[in-house]
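A closer look at the structure
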Amino acid sequence: MTDLKHRPPPAAAVDAPPARHPLGVAKRLRTTVKHLGLILLALIMLYPVLWMVVSSLRPNNEIFRSPGLVLDGLHTQNYGEGWDALASPFGHYLLNSAIVVLACIIGNLVSCSMAAYAFARLDFTGKRMWFAIMLGTIMLPIHVIIVPQYILFSQLGWINTFLPLIVPKLLATDAFFVFLMVQFIRGLPRELDEAARIDGCGHGRIFWRIILPLMKPALATTVIFTFIWTWNDFFSQLIYLTDPQMYTVPVALRSFVDSTVNTSWGSMFAMSVVSLVPVFLAFLLGQRYLVKGIATTGIK
Amino acid sequence: MSALGELRRIRGSARGSPRKKDNRAALLFLLPWFAGLGLITVGPVAASLVLGFTDYNLIQAPEFNGVDNFTRMLSDERLYKALRVTFIYVVVSVPVQLACALALAMLLDRGLRGLAFYRSAFYLPSLLGSSVAIAVLWRQIFGADGLVNQILDLMGIQGRGWISDPSTALSTLIVLNVWTFGAPMIIFLAGLRQIPVMYYEAAQTDGANRWTQFWRITLPLLSPIIFFNLVLQIIHAFQSFTQAFVVSGGSGGPSDSTLFYTLYLYQRGFNSFDMGYASALAWLLLVIIAAFTAVNFWAAKYWVFYDD
């Protein structure tokens, strides 16, 4: 495992002990330049997003004249206008997205952890082949399966319901998370399982009582990634949800763009900001798990 | 080990042990996954192959038309455009994105003050990049009187409508993909942490400068991770959809200059309900991605260095 733990926030760099010899001065100068460069780069990276937040608080005509971040006043009307710009208030779409996201999270947690337990701890016929297939499906583009999947779901009468978005998650099709959890379970000492087995536990109880409680970090990673990916997912929500009543946030936002091209950027920015707030919160709360999740599936 | 390393290991490892098997328990635990494999992933892949040889509009029953869909591809001008746009996007944006990711990961050295802050700042765009909101923002930023031109104006440079101009529209999407270099950067960071410090110490003792150290130590030892990132980001880039869809209002315009392959597939399948042709297109995409990945794996023999 790599150490990606949070480092304590930096004490002001200026307080570093005074350099004792010329080499130290050169080194400190280099570090300072490096920090300045990094801060500048970070600012450039985040500038578009910051500017969008600021612009959502500006009157429309000003958005096209003010590349800066300084606000003259708070023009909060954009938020009110944007909220009521579509057929339903924006809260309706937020709620739809929340329902889909919540169901997908539960689906991924249950189905992926079960599959992961089997791959990590059970010995069964053809295990290596199934595992290879599972890994292969991580890389399978959704576009290849979307047409027959759409036909299947439309024959089941599921178009304009949330089922086509949720049911696949209940069936462990997000193989990325299966793999993530397999890696995690493999890192847990097998002695725990053995001891439980000697005490007469079956696989169901070992999974429920021992493995699941120990794999909370992997479950947390799954929750956060599923949240962000489902919240942002546009392709499948665009295809399966065509009734404005069923629109989720991304689809609603897109219909907003098409209906108001270039007329009310302010309210469009306002709703864009609203749509990003949950992602941002998930990022703040779950940063540690996000970073670990990426790093561990990439490396270990 | 990464998913790719895992596949390598499966191929190379010995046959399974003769221990007692847990077939019944495994079947129960894998039941949802097996169902998903049959109904949601592998089943549809097979079904789309069959549909690829039919004419199907969702209303009338599918009708076999032999290889018509595939001969139609040969003379489909928009398909050629879509392929061209997608190839340019993948071949330009992925290497640039990975180069940025590696450069930043190298700068965020062990023990750097404020590492967590920088890491977050550079990673955040990766999480936001695929959202409709950011695509909306991009549409404004690169518009005729958008943020970029406002800033250029301050510097006395005459801008242009970056998105309405067919010669620059794709570049704005490439910039967007490069902007999300944070995720591969984090993978690089973790990889760099695994290179033993003593290698660098030994190199320093031998008088190797930083440049030599980078080429002789960092790059070879990091090559499996560069490979992993390359394969994943290429597959990922081939599937880009949202940005082009929102920026072009679903058309792939101006003059098809942002017509990503997936966008074209969407138009054929879900605007024209030409499901047979869309299935054939989907298979072509799968073959192309598989070919790119295969070439990647083949080329890996010559530049990826495995320590184990």
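Residues numbered from 1 in each chain as written. Chains lettered and ligands numbered in written order. Predicted model: local features only at pLDDT ≥ 70, side-chain atom pairs only at ≥ 80, totals over all residues. Heavy atoms only, no water.

Looking only at helices and strands, one finds 14 helices and zero strands in chain A. Counting from the amino terminus, chain A carries its helices and strands in the arrangement α-α-α-α-α-α-α-α-α-α-α-α-α-α. Counting over 300 residues, chain A shows a buried share of 52%. Intrachain contacts of chain A at a sequence separation of at least 6 include 70% that bridge at least 24 residues. (Helix = DSSP H or I, 4+ residues; strand = E, 2+ residues; numbered from the N terminus. Buried < 20%, exposed > 50% of the residue type's maximum accessible area, 1.4 Å probe, protein only. Contact = heavy atoms within 4.5 Å.)

Attention now moves to the overall build of chain B. A tally of regular secondary structure across chain B gives 14 helices and two strands. Its C-alpha atoms give chain B principal-axis dimensions of about 75 × 75 × 35 Å. Put simply, chain B has 308 residues, and 56% of those count as buried. Considering only intrachain contacts with a sequence separation of at least 6, the fraction spanning at least 24 residues in chain B is 69%. Total accessible area on chain B stands at roughly 13800 Å², and carbon and sulfur atoms take up 64% of it. Across chain B, the 22 positively charged side chains and the 17 negatively charged ones have centroids separated by 10 Å. (Areas by Shrake-Rupley, 256 points an atom, 1.4 Å probe, with all protein chains shown as cover. Lys, Arg positive; Asp, Glu negative; His and termini not counted. Charge placed at Lys NZ, Arg CZ, Asp CG, Glu CD.)

It is worth spelling out the interface of chain B and chain A at this point. Of the residues lining the interface, 106 residues belong to chain B; the matching set on chain A comes to 105 residues. A per-residue breakdown of the area chain B buries against chain A is headed by Phe29(B), Trp33(B) and Ile40(B), which together make up 9% of the total. Seen at the junction of chain B and chain A, the total is zero salt bridges. Where chain B meets chain A, there are nine residue pairs in polar contact (both at pLDDT 80 or more). Element by element, the count of residues in the side of chain B that touches chain A is highest for helix H2 (residues 23–51) of chain B, at 20 residues. (Buried area = accessible area lost by both parts, 1.4 Å probe. Salt bridge = Lys/Arg side-chain N within 4 Å of Asp/Glu carboxyl O. Polar contact = N/O pair within 3.5 Å; in protein donor to acceptor, adjacent residues only side chain to side chain.)

All names here are of chain A. Summarising the element assignment, Thr 32 is placed in helix H1 (residues 22–55). Distance in space between the C-alpha atoms of Thr 32 and Leu 152 is 60 Å, their sequence separation being 120 residues. In terms of polar contacts, Thr 32 uses its side chain to reach the backbone carbonyl oxygen of Arg 28, at 2.7 Å.

Attention shifts here to the packing of aromatic side chains. The final tally for this structure, using the stated rule, is 48 aromatic pairs over all chains. Between Phe90(A) and Tyr93(A) the ring centres are 5.9 Å apart and the planes differ by 75°, which places this aromatic pair in the edge-to-face class. One end of the pair, Phe90(A), and the other, Tyr93(A), are both in helix H4 (residues 90–121), three residues apart, so they sit about a helical turn from each other. For the pair Phe90(A) and Tyr93(A), a shared accessibility class is recorded, and that class is buried. Ring geometry for Tyr117(A) against Phe207(A): centres 5.4 Å apart, planes inclined by 55°, an arrangement best described as tilted. Of this pair, Tyr117(A) sits in helix H4 while Phe207(A) sits in helix H10 (residues 203–214); the two residues are 90 residues apart in sequence, bridging distant segments of the chain. The ring of Tyr289(A) has Arg288(A) lying over it, and the distance from NZ or CZ to the ring centre is 4.9 Å. Lying over the aromatic face of Tyr277(B), Arg72(B) brings its terminal NZ or CZ to 3.7 Å of the ring centre. (Phe/Tyr/Trp six-rings, centres within 6.5 Å; stacked < 30°, edge-to-face > 60°. Lys NZ or Arg CZ within 6 Å of the ring centre and 35° of its normal.)

What follows covers the confidence of the model for chain A. Interpreting fine coordinate detail is not advised for predicted regions of low pLDDT. Of all residues in chain A, 89% have pLDDT values of 70 or greater, and the mean over the chain is 87. Ignoring residues within four places in sequence, the model shows residues 1–19 of chain A, a span with pLDDT below 50, making 29 contacts including any to other chains. (pLDDT = per-residue confidence, 0-100.)

Residues and elements named next belong to chain B. Applying the stated criterion across every chain, the model contains six salt bridges over all chains. The shortest N-O distance in the salt bridge between Asp 274 and Arg 72 comes to 2.9 Å. In this pair, Asp 274 sits in the loop between helix H13 (261–271) and helix H14 (275–303) while Arg 72 sits in helix H3 (residues 68–74), placing the two residues 202 residues apart along the sequence. The class for Asp 274 is buried, based on a relative accessible area of 14%. Between Asp 165 and Arg 160 there is a salt bridge, with the nearest N and O atoms lying 3.0 Å from each other.

What follows is about the nonpolar core. Membership of the largest hydrophobic core comes to 191 residues, with the highest contact counts inside it found for Phe122(B) and Met185(B). The biggest single contributor to this core is helix H11 (residues 210–238) of chain B, with 15 residues. Discounting chain neighbours no more than four positions away, the residues touching Phe122(B) are Leu38(A), Leu41(A), Ala42(A), Met45(A), Leu104(B), Leu108(B), Phe181(B), Gly182(B) and Met185(B). (Core = buried A, V, L, I, M, F, W, Y, C linked by side-chain atoms within 4.5 Å.)

Turning to H10(A), a few remarks are in order. Its twelve residues give H10(A) an end-to-end C-alpha distance of 15 Å, which sits within 8% of 16 Å, the value for a rise of 1.5 Å per residue. Among the residues of H10(A), those classed as buried are His203(A), Ile206(A), Phe207(A), Ile210(A), Ile211(A) and Leu212(A). Close packing links the buried residues of H10(A) with H4, helix H8 (175–186), helix H9 (190–198) and helix H11 (216–232) of chain A together with H2 of chain B. (Expected span 1.5 Å × (residues − 1).)

Turning next to the packing of H11(B) against H14(B). Two measures define how a pair of helices packs: the angle their axes make with one another and the distance between the axes. Residues and elements named next belong to chain B. Between H11 and H14, the least distance of the axes is 10 Å, while the angle of their chain directions is 165°. With respect to H14, the axis of H11 lies roughly antiparallel. H11 and H14 meet at a crossing whose hand is right-handed. Along its contact with H11, which presents Ser 223, Ile 226, Phe 227, Leu 230, Val 231, Ile 234, Ile 235 and Phe 238, the element H14 presents Leu 285, Ile 288, Ile 289, Phe 292, Thr 293, Asn 296, Phe 297, Ala 300 and Trp 303. Looking at the contact of H11 with H14 residue by residue, the classes come out as 14 nonpolar, three polar and no charged. (Axes fitted to C-alpha atoms, helices over the stretch in contact; angles between N-to-C directions. Parallel < 35°, antiparallel > 145°, perpendicular 65-115°, else oblique. Left-handed = near helix turned anticlockwise from the far one by under 90°. Nonpolar A, V, L, I, M, F, W, Y, C, P; charged D, E, K, R; others polar.)

Helix length check: helix H4 (residues 77–107) of chain B, at 31 residues, gives a terminal C-alpha distance of 45 Å against a target of 45 Å (1.5 Å per residue), a fit within 8%. With a side-chain oxygen positioned 3.1 Å from the backbone nitrogen of Arg78(B), the residue opening H4(B) is Asp76(B).

On to a nonpolar patch on the surface. Residues and elements named next belong to chain A. A cluster of nonpolar side chains, namely Val 277, Phe 280, Leu 281, Leu 284 and Leu 285, defines an oily patch on the protein surface of about 500 Å² accessible area. In this fold, Val 277 is placed in helix H14 (residues 265–298). Under the relative-accessibility criterion, Val 277 is labelled partly exposed at 40%. (Patch = residues over 30% accessible without salt bridge, like charges linked within 9 Å, V, L, I, M, F, W, Y side chains within 5 Å.)

Residue and element names in this part refer to chain A. Where H4 meets H11, the closest approach of the two axes is 9 Å, and the angle between their N-to-C directions is 145°. Both H4 and H11 take part in a crossing whose hand is right-handed. For the pair H4 and H11, contact is made by Leu 94, Ser 97, Ala 98, Val 100, Val 101, Cys 104, Ile 105, Asn 108, Leu 109 and Ser 113 and by Leu 219, Thr 222, Val 223, Thr 226, Phe 227, Thr 230 and Trp 231, respectively. In the contact of H4 with H11, the residues fall into eleven nonpolar, six polar and no charged.

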